[in-house]
Amino acid sequence: MDTGMEITMASKLRRHIPAHLAPWRVSPCAFRSSKSELKPNVASDGLACAPLQTFTEEEAMLKDMVTKFAQERVAPFVQKMDENAKMEESIVQGLFEQGLMSIELGEEYGGTGASFFSIILAVEELAKVDPAVALVCELQNTLTNKLFTTYGTEEQKRTYLPRVSKDTLGSFCLSEAGSGSDAFSLKTRAEKKGDYYIINGSKMWISLAEDAGVFFVMANTDPSLGYRGITCFVVDRNTEGLQVGKKEDKLGIRACSTCPVTLDNVKVPESSILGQVGQGYKYAIGMLNTGRIGIAAQMLGLAQGCFDRTVPYTKERVQFGKSVFDFQGMQHQIAQVATQLEAARLLTYNAARLAEAGRPAIKEASMAKYFTAEVATLTTSKCIEWMGGVGFTKNFPIEKYYRDCKIGTIYEGTSNIQLSTIAKFLAQEY
Amino acid sequence: MAALRVLVGVKRVIDFAVKVRVAPGGAVQTQGVKHSLNPFCEIALEEAVRLREAGTASEVIAASLGTKACQETLRTALAMGADRAVLAELAEGAPAGPREVATALAGLVKKLQPQLVLLGKQAIDDDCNQTGQLLAAMLDWPQGTFASRVQLESGGVLVEREVDGGLETLRLRLPAVLTADLRLNEPRYATLPNIMKAKKKPLEVLPAADLGVPAGPPRLKVLQVQEPPPRAGGEKVESVESLLGKLRHAGRI
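Let us look at the structure shown here. (Residues numbered from 1 in each chain as written. Chains lettered and ligands numbered in written order. Predicted model: local features only at pLDDT ≥ 70, side-chain atom pairs only at ≥ 80, totals over all residues. Heavy atoms only, no water.)

## Section: the overall build of chain A
- Helices and strands together make up the secondary structure of chain A, namely 12 helices and 10 strands.
- For chain A, the proportion of its 430 residues judged to be buried stands at 49%.
- For chain A, the proportion of contacts with a sequence separation of at least 24, taken over those separated by at least 6, is 73%.
- A total of about 20500 Å² of accessible surface is found on chain A, and carbon and sulfur atoms cover 56% of it. (Helix = DSSP H or I, 4+ residues; strand = E, 2+ residues; numbered from the N terminus. Buried < 20%, exposed > 50% of the residue type's maximum accessible area, 1.4 Å probe, protein only. Contact = heavy atoms within 4.5 Å. Areas by Shrake-Rupley, 256 points an atom, 1.4 Å probe, with all protein chains shown as cover.)

Here it is in structure tokens:
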């Protein structure tokens, strides 16, 4: 038969067969995705093809410094902070002194101009010792500092950045009793009165509220616009009408305060608006995207720290004449968890490097946050089992990691939200 | 008192927290293993930086003998507060024992003219405890080893040494060589601003041969390296008498 005819016939047929039913060899292009890795090679970006665990000299030095700091200045207080649900003053001070609260900020604002990846490394190392302390570092760097540098006016930056890099904690007030995942249905209202606003409302689950000096309050200036009315206000702690309530009695990350914050006729000048009126929802989403990578780093460090303290025990503990580690059943479990940890690490590092390079990273950030939270849950649960009875007691640090990991699947976007986000991107790609 | 220049020797060693293993070839496994600044060198460096901060010293120079990899150790020294660093570069596998290090440092002393040399008392990989002493002999300078306290005076230095019998205080004329012991000070963490600044500080690399370091043959030959025997189980006893009995029986007392 004439091959030209054959091809025409085949192409006529192709048009009527849905792609998923067409035989593989007939339509090789039907399953091409618009994913970025199918684009031509990245050597033109100027990036070396090095393993993900390659750090610059500064990043390596920073990692070493934070490891030392965590072991010497944080570790002795971990149990006490967890029992009393109170963050140790000297640790927060130490974080500020070491420059760990202003990692990415420019030198003109008191920062050091280090890379975004440095934040991830610092958070990971701190989380190995205490995830609550890691959270303080993470929120300040990825939320507070980023909000100011991305959306602040020159005046706001000059006023607040030197403070937040020296001794002032920032606190992000978005969630309310009635709006968690559905953040944009928030009810806190900001009424315009001339050149100032009156804010009324009640925020809940606000991290660091107990000790924060400056609050980012997300309030709606015009509910008739729905979420397009949400505006971000920068409110100082001692503003009249702003009340920080009693902190929650939590299962985990107890050293880091989580409080309700009420705003009772809080009067703020128009100049306290961060960015533009009605753009608050965009800022919230934008910040939470990089925040996700930070939380992934926290969960990663948590899981790794727990794992690091369990395996040596399994090698020491002897039952039936050999160490617990030497039983093949145990080895297989431990190897599985180690593999998942490595995968979680690479997801997190890659998302961080993508964000650092200014490339789209929302899907990867969601994947990293979702996966590391799951891995942390698995790792800590298994570690308690491997430790046996002692894993179940408060004398050993393992049970604390188990309690701490749960929040990873909940805050900064629940696991379900992450999966929906990933699915949204997948839908666009195919 | 005129401000003085301090030379600090730093060594790149396997990190103290790493579990050291013997490679199949019969040498200590160093490939892919975490290295860091020798803790005693860190203490020496901290002392030098404190002297500069107090205004007693004008400049702190960190120096090392080794392969290119030592540059990262020198950067850490810069991040901790040294003003500049010098690497006497060796080829991979070239000998770098105490005699070679002392020769390199002596060469640097002639070049840089410091009034004080601060070293760690020993390195945690070979535990030689020889470099400081060899260097002092080569330069014909007084030495204050195992220093647990250092106080500079006009033209001299008061050194408190930890010796077997207790503490010994010496007064030395400058220039002098001191080696730092554990209790001299507690080294600082490099703060992030200093880590970022370290990149801009000068790090000079020169061939070790320029300082007179011989390329070979090594003065120390390693005959054998083996892991310690696996730990045998212990035994719990009920009373002091029974403990003494068991120790006598084992020939220990």
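## Quick word on the overall build of chain B
- Along the backbone of chain B there are 6 helices and 11 strands.
- For the C-alpha atoms alone, the extent of chain B along its principal axes is close to 65 × 45 × 40 Å.
- The proportion of buried residues among the 253 residues of chain B is 44%.
- Expressed as a percentage of contacts within chain B between residues at least 6 apart in sequence, the contacts between residues at least 24 apart total 70%.
- Charged side chains of chain B number 32 positive and 28 negative; the gap between the two group centres comes to 3 Å. (Lys, Arg positive; Asp, Glu negative; His and termini not counted. Charge placed at Lys NZ, Arg CZ, Asp CG, Glu CD.)

## Details of the environment of Gly280 of chain A
- Summarising the element assignment, Gly280 of chain A is placed in helix H8 (residues 280-316).
- Apart from the residues lying within four places of it in its own chain, the contact partners of Gly280 of chain A are Met218, Ile230, Thr231 and Cys232 of chain A.

## With respect to a nonpolar patch on the surface
- A cluster of nonpolar side chains, namely Val240, Leu243, Leu244, Leu247 and Ile253 of chain B, defines an oily patch on the protein surface of about 430 Å² accessible area.
- Under the relative-accessibility criterion, Leu244 of chain B is labelled partly exposed at 35%. (Patch = residues over 30% accessible without salt bridge, like charges linked within 9 Å, V, L, I, M, F, W, Y side chains within 5 Å. Salt bridge = Lys/Arg side-chain N within 4 Å of Asp/Glu carboxyl O.)

## Some details on the pattern of salt bridges
Residues and elements named next belong to chain A.
- Inspection of every chain in the model, using the stated rule, returns 41 salt bridges over all chains.
- With its nearest N and O atoms 3.0 Å apart, the salt bridge here joins Glu210 to Lys247. With Glu210 in the loop between strand E3 (196-207) and strand E4 (214-220) and Lys247 in the loop between strand E6 (242-244) and strand E7 (258-269), this pair connects stretches of sequence that are 37 residues apart.
- Its relative accessible area of 23% is what places Lys247 among the partly exposed residues.
- Its salt-bridge partner being Asp249, residue Arg254 comes within 2.8 Å of it at the nearest N-O pair.

## Side note on the nonpolar core
- Within the largest apolar cluster, 160 residues are counted, with the highest numbers of intra-cluster contacts made by Leu126, Ile199 and Phe233 of chain A together with Val8 and Leu45 of chain B.
- The element best represented in this core is H8 of chain A, accounting for 16 residues.
- With residues near it in sequence (within four places) discarded, Ile199 of chain A still touches Thr188, Arg189, Ala190, Val217, Ala219, Phe233, Val235, Leu263, Asp264, Asn265, Val266 and Val268 of chain A.
- Counting residues in hydrophobic clusters, the runner-up holds 25 residues, among them Ala88, Ala104, Leu119 and Trp141 of chain B. (Core = buried A, V, L, I, M, F, W, Y, C linked by side-chain atoms within 4.5 Å.)

## Describing the sheet that holds strand E11 (residues 203-207) of chain B
Residues and elements named next belong to chain B.
- Taken in spatial order, the 9 strands make up an open sheet running E9-E8-E7-E10-E6-E1-E4-E5-E11, and their pairing is mixed. Looking at which strands have only one partner, the edges of the open sheet turn out to be strand E9 (166-173) and E11. Across the sheet, the mean angle separating the axes of adjacent strands is 30 degrees when strand polarity is ignored.
- Pairing analysis gives 6 bridges linking strand E1 (residues 4-9) to strand E4 (residues 57-66), with the strands arranged parallel. Directly across from Val8, in E4, lies its bridge partner Ala62. (Pairing = 2+ DSSP bridges. Axes fitted to C-alpha atoms, helices over the stretch in contact; angles between N-to-C directions.)

## Describing H8 of chain A
- Between the first and last C-alpha of H8 of chain A there are 54 Å, a value that for 37 residues agrees with the 54 Å anticipated at 1.5 Å per step.
- With 29 of 37 residues buried, H8 of chain A lies mostly within the body of the structure. (Expected span 1.5 Å × (residues − 1).)

## Quick word on the interface of chain B and chain A
- Contact with chain B, which involves 16 residues of that partner, is made by 18 residues of chain A.
- Sorting the residues of chain B by area buried against chain A places Tyr189, Leu192 and Ile195 of chain B first, and these three jointly supply 46% of that buried surface.
- Scanning the region where chain B abuts chain A turns up 4 salt bridges.
- The closest approach of N and O atoms between Glu57 of chain A and Arg75 of chain B, which form a salt bridge, is 3.0 Å.
- Here chain B and chain A share 5 residue pairs in polar contact (both at pLDDT 80 or more) between them.
- Ranked by the residues each element gives to the side of chain B that touches chain A, the list is headed by helix H5 (residues 192-198) of chain B, at 5 residues.
- In the side of chain B that touches chain A, the residues fall into 8 nonpolar, 2 polar and 6 charged. (Buried area = accessible area lost by both parts, 1.4 Å probe. Polar contact = N/O pair within 3.5 Å; in protein donor to acceptor, adjacent residues only side chain to side chain. Nonpolar A, V, L, I, M, F, W, Y, C, P; charged D, E, K, R; others polar.)

## Describing helix H2 (residues 70-80) of chain B
- Across the 11 residues that make up H2 of chain B, a large majority, 8, are buried.
- For H2 of chain B, the complete set of buried residues consists of Cys70, Thr73, Leu74, Arg75, Ala77, Leu78, Ala79 and Met80 of chain B.

## Observations regarding the environment of Val261 of chain A
Residue and element names in this part refer to chain A.
- With respect to the element layout, Val261 can be found in strand E7.
- Residue classification places Val261 among the buried positions, given a relative accessible area of 0%.
- Residue contacts for Val261: discarding those within four places in its chain leaves Gly201, Ser202, Lys203, Ile206, Ala209, Phe215, Leu242, Gln243 and Val244.

## Focus: the pairing of E7 of chain A
Residues and elements named next belong to chain A.
- Bridge count between E3 and E7: 9 bridges; the pairing is antiparallel. Paired with Lys203 across the bridge in E7 is Val261.
- When E6 meets E7, the two strands line up antiparallel, connected through 3 bridges. Its bridge partner being in E7, Leu242 is matched across the sheet by Leu263.

## Topic: the side chain of Glu364 of chain A
All names here are of chain A.
- Looking at where Glu364 falls in the secondary structure, it is placed in helix H10 (residues 362-387).
- The buried charged residue Glu364 lacks any salt bridge, with Lys363 as its nearest oppositely charged partner at 4.6 Å.
- Leave out the neighbours within four places in its chain, and Glu364 touches Ala351 and Leu354.

## Considerations on the environment of Ala255 of chain A
Residues and elements named next belong to chain A.
- With respect to the secondary-structure elements, Ala255 resides in the loop between E6 and E7.
- Since its relative accessible area comes to 6%, Ala255 is described here as buried.
- In this structure, the C-alpha to C-alpha distance between Ala255 and Arg345, residues 90 residues apart in sequence, is 25 Å.
- Residues contacting Ala255, with those up to four places away along its chain left out, are Met81, Ala85, Lys86, Met87 and Ala132.

## Quick look at the packing of aromatic side chains
Residue and element names in this part refer to chain A.
- The full count for this structure, using the stated rule, is 14 aromatic pairs over all chains.
- On the numbers, 5.1 Å between centres and 10 degrees between planes, the contact of Phe148 with Tyr160 is stacked. Of the two residues, Phe148 sits in helix H6 (residues 131-151) while Tyr160 sits in helix H7 (residues 154-166), which places them 12 residues apart along the sequence.
- With relative accessibility at 11%, the residue Tyr160 sits in the buried group.
- Where Phe184 meets Tyr281, the ring centres are 5.8 Å apart and the plane angle is 85 degrees; that geometry is what we call edge-to-face. Of this pair, Phe184 sits in the loop between strand E1 (170-173) and strand E2 (189-193) while Tyr281 sits in helix H8, placing them 97 residues apart in sequence.
- When the ring centre of Tyr196 is taken as origin, the NZ or CZ atom of Lys267, which lies over that ring, is 4.4 Å away.
- The ring of Phe327 has Lys322 sitting right over it, with the charged end atom 4.5 Å from the ring centre. (Phe/Tyr/Trp six-rings, centres within 6.5 Å; stacked < 30°, edge-to-face > 60°. Lys NZ or Arg CZ within 6 Å of the ring centre and 35° of its normal.)

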